[in-house]
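Notes for the structure review
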Amino acid sequence: MIYDTLNNLPNYLGMSNNLDAVIEFVMARDINNLPAGKTRISGDKAVVTVSTVTPQTSDKALFQRRDAHLTLETDLEGSELFEVSLGELTPTRPADEAADLTVGTAGTSIAGMLCEGRFALYLAGEPYKSGLKAQGCGKLKKAVFSIELDEDEEAE
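Residues numbered from 1 in each chain as written. Predicted model: local features only at pLDDT ≥ 70, side-chain atom pairs only at ≥ 80, totals over all residues. Heavy atoms only, no water.

As for a nonpolar patch on the surface
Judged by side-chain polarity, Tyr3, Leu81 and Met113 come together as a nonpolar surface patch covering roughly 240 Å² of accessible area. Tracing the backbone shows Tyr3 in strand β1 (residues 2–5). Tyr3 gets classed as partly exposed once you look at its relative accessible area, which sits at 35%. (Patch = residues over 30% accessible without salt bridge, like charges linked within 9 Å, V, L, I, M, F, W, Y side chains within 5 Å. Areas by Shrake-Rupley, 256 points an atom, 1.4 Å probe, with all protein chains shown as cover. Salt bridge = Lys/Arg side-chain N within 4 Å of Asp/Glu carboxyl O. Helix = DSSP H or I, 4+ residues; strand = E, 2+ residues; numbered from the N terminus. Buried < 20%, exposed > 50% of the residue type's maximum accessible area, 1.4 Å probe, protein only.)

Okay, here's the thing in structure tokens:
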């Protein structure tokens, strides 16, 4: 997991071809003006989904893991908590291979707060929870970038 400010996003160029496309996309525009819903950045290999969500408490949320994607999240309005586990994910239902998504339980290793101007980049294979309720925060407008790894990047 990488947690940093959006201003530092260019420091992560070169990690993945599709991540590079997302970084260039973010740096070239005011992402606060992105429309609700899905926007393709690089075909289906890099997309952003902007939505308004109601944060939930950690005990009601499951960890999620994607094995062939990076997930970059940033809050456009409001703030939220997140949790990341360095432990193994215990699935609570079969993996959705088409969506590259496995959900389940895992021990929390770190937790933090995401807010406007900051991002969290969840790495492939890393269990995480996001969209968790922060004290005093109601609705949350967020941008979630799904970044497919190329086959040669998955092996690295």
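Description of the environment of Gly131
Its location among the elements puts Gly131 in strand β11 (residues 128–132). C-alpha of Gly131 to C-alpha of Pro55: the two residues are 76 residues apart in sequence and 5.0 Å apart in space. Dropping the residues within four chain positions of it, Gly131 is found in contact with Pro55, Gln56, Glu80, Leu81, Leu140 and Lys142. (Contact = heavy atoms within 4.5 Å.)

With respect to the pattern of salt bridges
Applying the stated rule across the entire model yields six salt bridges. Between Asp44 and Arg40 there is a salt bridge whose closest N-O contact spans 2.4 Å. Both residues of the pair, Asp44 and Arg40, count as exposed. Residue Lys129 is joined to Glu83 by a salt bridge in which the shortest nitrogen-to-oxygen separation is 3.7 Å. Of the two residues, Lys129 is situated in strand β11 and Glu83 in strand β6 (residues 79–84); the sequence distance between them amounts to 46 residues. Overall, the relative accessible area of 8% leaves Lys129 in the buried class. Take Glu83: its relative accessible area is 12%, and that puts it in the buried class. Connected through salt bridges with shared partners, the residues Glu73, Glu80 and Lys142 form a single ionic network.

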